[in-house]
Amino acid sequence: MELLNKLTQTYSPSGSEEQIRALIESEVAPYADEVYTDNLGNLIVRKRGNGNKIMLSAHMDEIGLLVNYIEDNGFLRFSPVGGIMPYCALYQSVVFQNGIKGTVAYEEKIDLKKEFDITKMYIDIGASNAEEAENMISLGDCAVFCGEFSHHGDILTSKAMDNRAGVYVLIRVLRALKEVKNDLYFVFSSQEELGLRGAKAAANAISPHIGLAVDVTDTGDTPNCNRMAVKLGKGACIKLMDNSIITHKIVNDALKASADRVGAPVQYEVLSLGGTDAGAIHTSGTGVMTGAVSIPTRYIHTPRETVNMNDIIGAVDIITDFVNSDF
Ligand SMILES: [Zn+2]
C-alpha cells in the first residue's frame, strides 16, 4: 500500500511525466532485462522471453490544469489537460511542480447552471499582480489536484488512482514473474489523458502480437448513478467495449482462463464514455489482438478516486498468469 500511496501522490500531469517515470524506473529496474524511455516519454520495460511479443500498457500521466493566461491582478486562467470537470474543480486546492499551491475559483457574475465552464474559472495563488504571479509560475506550467491518500480497510482513496492503480498492477506483475515464456514489454505510457498519445507511438515501435491495457473504469454502485454492471470489490474487470475499442475475444478468453486458474473473481465491463491505451494499441501497425483489464473506480477524474485493494490484487494475479499464455 505504501508504494501505491507514493505513486498516487507523485506530481505528473500529461506531458510532464518526469517524476513518475523516475519513480517507476527505480521500482522496476532490478526486475527488468532492459529499461528505456522513448521520444514521447513512455517508459518501456522489457522482460525477455522466446514466445509472442506482448505489450502491456498502463498510462502514468494524470489530468491537470495548464496556465494559459496571467491576469493583471495575478489570477491564472487555465486550459484543461485531460477531462477536468468544472463542478469538480471548483474550490479544489491544486499544486504546481515547484510546490506553489492555488485554489480554483470562478467569476461570481455568471449563472452557474448556464455558463459554468473552465473559461470562467481561475486559479488564485495568492499573487497580488501579474509580476508577482510570473515570479511564481510561467505560462504552460501545469497544476494537478491535491488529493491525499487515505484508506478504510480495503477501500483506498486518492487523486490519480487513474491510473497509478494500473501502474501499481504492472509493477507488481513484473516483480511476481518467475518464468517468462513470452517476450514482454511493460509500457508506462505518457499522455493517455490527451488521447492515448504515448501508447500509440509505443505500439508502433514495439509491433506486438498481443496488447493489454490496464486502467481504471467507472462503477454502477453509487446512489442513483448511471446503469453499469460493475461494482467496487467484486473483482477486476475484463473490458468488452469502450469508446476506443471492442476488445478481442481471444484475449478476453485468455484473461478469463487465467482468472479461473488463479481463482480470482472477474466482472465484465462495457464503458459508455472514455477510452484507454487499448484503443491505440489495437489499431497500430496492421492491427493487434488487444484487450484490457480495468480496476473499478468511483469518482474518476476527481481528487477522491476510490478503489478496492482486492480488485487490484486480483488484477495482478490474473495478468501474472495471462502473460504466460500461449496464443
Ligand atoms: Zn483518466
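Residues numbered from 1 in each chain as written. Predicted model: local features only at pLDDT ≥ 70, side-chain atom pairs only at ≥ 80, totals over all residues. Heavy atoms only, no water.

### With respect to the overall build of the chain
Of regular secondary structure, the chain possesses 10 helices and 18 strands. Its C-alpha atoms give the chain a radius of gyration of 20 Å, near enough to 20 Å, the size a compact globule of 327 residues would have. Its C-alpha atoms put the chain at 60 × 45 × 40 Å along the principal axes. Within the chain, the proportion of its 327 residues that are buried is 55%. Across the chain, contacts joining residues at least 24 apart in sequence account for 75% of those joining residues at least 6 apart. (Helix = DSSP H or I, 4+ residues; strand = E, 2+ residues; numbered from the N terminus. Rg over C-alpha atoms; globule rule 2.2 N^0.38 Å. Buried < 20%, exposed > 50% of the residue type's maximum accessible area, 1.4 Å probe, protein only. Contact = heavy atoms within 4.5 Å.)

### A short note on the coordination of the zinc ion
Ideal donor angles around a metal are set by the shape: a four-donor tetrahedron calls for 109.5 degrees, a six-donor octahedron for 90 or 180 degrees. At this site the zinc ion is bound by D162 (OD), E193 (OE), E193 (OE) and H301 (NE2), with donor distances of 1.9 to 2.6 Å. In this structure D162 comes out as buried when scored by relative accessible area, which is 6%. (Donors = N, O, S within 2.8 Å, 3.2 Å for Na, K, Ca; no water.)

### A look at the side chain of T306
With respect to the secondary-structure elements, T306 resides in strand β18 (residues 305-308). Of the residues examined, T306 reaches a relative accessible area of 5% and is grouped as buried. At 2.9 Å, the side chain of T306 and the side chain of T157 are in polar contact. Here T306 is in contact with I155, L156, T157, L232, P296, T297, R298 and Y299, once residues within four sequence places are set aside. (Polar contact = N/O pair within 3.5 Å; in protein donor to acceptor, adjacent residues only side chain to side chain.)

### Brief notes about the packing of aromatic side chains
For the structure on display, the rule yields 4 aromatic pairs. Here Y106 and F116 contribute two aromatic rings whose centre-to-centre distance is 5.8 Å and whose plane-to-plane angle is 70 degrees, an arrangement assigned as edge-to-face. Taken together, the residues Y106 in strand β7 (residues 101-106) and F116 in the loop between α4 (112-115) and β8 (121-124) connect sequence positions 10 residues apart. For the pair Y106 and F116, a shared accessibility class is recorded, and that class is buried. Ring plane angle 65 degrees and centroid distance 5.6 Å describe the contact between F322 and F327, whose orientation is recorded as edge-to-face. Owing to a relative accessible area of 29%, F327 belongs among the partly exposed residues under this scheme. (Phe/Tyr/Trp six-rings, centres within 6.5 Å; stacked < 30°, edge-to-face > 60°.)

### Some words on the nonpolar core
In this structure, L7, I24, V169, F186, F188, I312 and I319 are the most contacted members of the largest nonpolar core, which totals 52 residues. When residues of this core are assigned to their parent elements, the largest contribution, 9 residues, is made by helix α6 (residues 161-176). Not counting chain neighbours up to four residues away, the residues in contact with L7 comprise I20, L23, I24, R164, V167, Y168 and I171. (Core = buried A, V, L, I, M, F, W, Y, C linked by side-chain atoms within 4.5 Å.)

### Observations concerning the pattern of salt bridges
Counted by the stated rule, this structure contains 15 salt bridges. One salt bridge in this structure joins E27 and R175, with 2.4 Å as the shortest N-O distance. Of the two residues, E27 sits in helix α2 (residues 18-28) while R175 sits in helix α6, which places them 148 residues apart along the sequence. Note on R175: relative accessible area 33%, which makes it partly exposed. Close ionic contact of E34 with R46 constitutes a salt bridge, the shortest N to O distance being 3.7 Å. Of this pair, E34 sits in strand β1 (residues 34-37) while R46 is found in strand β2 (residues 43-47), placing the two residues 12 residues apart along the sequence. Judged by its relative accessible area of 15%, R46 is buried. (Salt bridge = Lys/Arg side-chain N within 4 Å of Asp/Glu carboxyl O.)

### What to know about the pairing of β18
Taking every second residue as pointing to the same face, both faces of β18 are buried, with E305 and V307 on one and T306 and N308 on the other. In this structure, strand β11 (residues 155-158) lies alongside β18, joined through 4 bridges in antiparallel fashion. Within the sheet, the bridge partner assigned to I155 lies in β18 and is N308. (Pairing = 2+ DSSP bridges.)

### With respect to helix α10 (residues 309-322)
With 14 residues, α10 extends 20 Å from end C-alpha to end C-alpha; this agrees with the ideal 20 Å at 1.5 Å per step. Taken across its 14 residues, α10 has 11 buried, putting it largely inside the fold. Taken together, the buried positions of α10 are M309, D311, I312, G314, A315, V316, I318, I319, T320, D321 and F322. (Expected span 1.5 Å × (residues − 1).)

### Overview of the domain arrangement of the chain
Domains assigned within the chain are domain 1 (2-62 + 159-322) and domain 2 (64-145). Computed over C-alpha atoms, the centres of domain 1 and domain 2 are 30 Å apart. Counting residues at the interface gives 13 residues for domain 1, matched by 13 residues for domain 2. Both sides together, the interface formed by domain 1 and domain 2 hides about 1,100 Å², and carbon and sulfur atoms give 64% of it. Applying the counting criterion to the domain 1 and domain 2 interface returns 0 salt bridges. For the side of domain 1 that touches domain 2, the residue count by class is 5 nonpolar, 4 polar and 4 charged. (Domains from an automatic or database assignment. Buried area = accessible area lost by both parts, 1.4 Å probe. Nonpolar A, V, L, I, M, F, W, Y, C, P; charged D, E, K, R; others polar.)

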